[in-house]
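The lines below spell out each chain.
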Amino acid sequence: MNVFWETGYAAASLDDLSRAMGMNRPSIYAAFGDKQALYRQALDHYRANTRTAIAEALAEKRPLRRALSDFYERAIDVYLSGESAARGCFMIGTALTEAVANPELRATVAESLRGLDKALAARIALGQQRGEVDADANPAELGQVASAMLYLLSIQARAGATRKALNVTLNSALNAICARTSA
């Protein structure tokens, strides 16, 4: 996964993957199939871990602002975690370019984006019920805004933004979503 994440799908050579995995090419083919199948397993692994982290961050017991802050802070930690440079989001950084020519991957990306929108909208709707979001706000629309801010953080991180700059974006997202009266 790290090889794909650092270089992208197209630039990840089988030699790079072989070295990172400690496997020779025939063993990689025997275990995973082709490069695309190996990438798909890496993407599915990332998506599963991300879904778990999102569920934990958006836990219902905490105020919405705190939950969203945790959600974004965890993402920033991941986005800045590259060995040589910030690497952003694995899916955004690698799958989007490949999705143009791969309808199955495009469908996976679309499903992931819709799923995040729905999870955020549901959490925002709960916050609205608790008075943490303006009563006239549309939770589905705010869920899309919250998702868009996450993708922006990924892009900014990959482009070299500092944690301080990313925190400005994070705070802008919180202020756009949460009612001014919420803590």
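Residues numbered from 1 in each chain as written. Predicted model: local features only at pLDDT ≥ 70, side-chain atom pairs only at ≥ 80, totals over all residues. Heavy atoms only, no water.

Peer 1: I'm lost on the packing of helix α5 (residues 64–79) against helix α7 (residues 103–129) in this one. Help?
Peer 2: Relative placement of two packed helices is described by the angle separating their axes and the distance separating the axes. Between α5 and α7, the shortest axis-to-axis distance is 10 Å and the interhelical angle comes to 155°. Of the possible angle classes, the one that applies to α5 and α7 is roughly antiparallel. Contact with α5, carried on its side by Leu64, Ala67, Leu68 and Phe71, involves Leu116, Leu120, Arg123, Ile124 and Gly127 of α7 and no other residues of that element. When the residues that make up the contact of α5 with α7 are grouped by side-chain class, the tally is 7 nonpolar, 1 polar and 1 charged. (Axes fitted to C-alpha atoms, helices over the stretch in contact; angles between N-to-C directions. Helix = DSSP H or I, 4+ residues; strand = E, 2+ residues; numbered from the N terminus. Parallel < 35°, antiparallel > 145°, perpendicular 65-115°, else oblique. Contact = heavy atoms within 4.5 Å. Nonpolar A, V, L, I, M, F, W, Y, C, P; charged D, E, K, R; others polar.)

Peer 1: Got a minute to help me understand the nonpolar core in this structure?
Peer 2: Soluble globular proteins tend to bury their nonpolar side chains together. Phe4, Leu68, Phe71, Tyr72 and Ile177 are the most contacted members of the largest nonpolar core, which has 47 residues in total. Mapped by element, the contributors of at least two residues to this core are α1 (2–7), α2 (14–21), α4 (35–57), α5, α6 (90–99), α7, α8 (139–158) and α9 (163–177). (Core = buried A, V, L, I, M, F, W, Y, C linked by side-chain atoms within 4.5 Å. Buried < 20%, exposed > 50% of the residue type's maximum accessible area, 1.4 Å probe, protein only.)

Peer 1: In this structure, what is going on with the pattern of salt bridges? I would like to understand it.
Peer 2: Where side chains of opposite charge bring their charged atoms close, a pairing between them can arise. Throughout the structure, instances matching the rule amount to 12 salt bridges. Note that Arg40 and Asp44 form a salt bridge whose closest N and O atoms lie 3.0 Å from each other. Of this pair, Arg40 and Asp44 both sit in helix α4, 4 residues apart, roughly one helical turn. Between Arg74 and Asp70 there is a salt bridge, with the nearest N and O atoms lying 3.2 Å from each other. One end of the pair, Arg74, and the other, Asp70, are both in helix α5, 4 residues apart, so they sit about a helical turn from each other. Residue Asp70 is classed as buried on the basis of its relative accessible area of 13%. (Salt bridge = Lys/Arg side-chain N within 4 Å of Asp/Glu carboxyl O.)

Peer 1: How should α5 be read in this particular structure?
Peer 2: Every α-helix winds through 3.6 residues per turn, so residues three or four apart in the chain are directed the same way. Between its terminal C-alpha atoms α5 stretches 22 Å, which fits the 22 Å expected from 16 residues at 1.5 Å a residue. Among all positions of α5, only Leu64, Arg65, Ala67, Leu68, Ser69, Asp70, Phe71, Tyr72, Ala75, Ile76 and Tyr79 are buried. The secondary structure elements touched by the buried residues of α5 are α4, α7, α8 and α9. (Expected span 1.5 Å × (residues − 1).)

Peer 1: Got a minute to help me understand the environment of Ala99 in this structure?
Peer 2: Within the secondary structure layout, Ala99 lies in helix α6. Its relative accessible area of 7% is what places Ala99 among the buried residues. Once the C-alpha coordinates of Ala99 and Ala146 are considered, the two residues, 47 residues apart in sequence, prove to be 23 Å apart. In contact with Ala99, not counting residues within four places along its chain, are Leu105 and Arg106.

Peer 1: Is there a simple way to think about the packing of aromatic side chains in this case?
Peer 2: The description of an aromatic ring pair uses the distance of the two centres, along with the angle that the planes make with each other. As enumerated under the stated definition, the model contains 8 aromatic pairs in all. An angle of 80° between the planes, with centres 5.3 Å apart, marks the rings of Trp5 and Tyr46 as edge-to-face. In this pair, Trp5 is assigned in helix α1 and Tyr46 in helix α4, connecting sequence segments 41 residues apart. You can call Tyr46 buried: its relative accessible area is 10%. Here the aromatic rings of Tyr46 and Phe90 are separated by 5.3 Å at their centres, their planes lie at 45°, and the arrangement is tilted. Of this pair, Tyr46 sits in helix α4 while Phe90 sits in helix α6, placing them 44 residues apart in sequence. For Phe90, a relative accessible area of 0% corresponds to the buried category. One aromatic cluster is present, built from ring pairs that chain together Phe4, Trp5, Tyr9, Tyr39, Tyr46 and Phe90. A cation over an aromatic ring shows up here: Lys35 above the ring of Tyr9, its NZ or CZ 4.6 Å from the ring centre. Across from the ring centre of Trp5, 3.7 Å away, lies the NZ or CZ of Arg87, which sits over that ring. (Phe/Tyr/Trp six-rings, centres within 6.5 Å; stacked < 30°, edge-to-face > 60°. Lys NZ or Arg CZ within 6 Å of the ring centre and 35° of its normal.)

The quantities given are spatial measurements derived from coordinates; they are silent on function.
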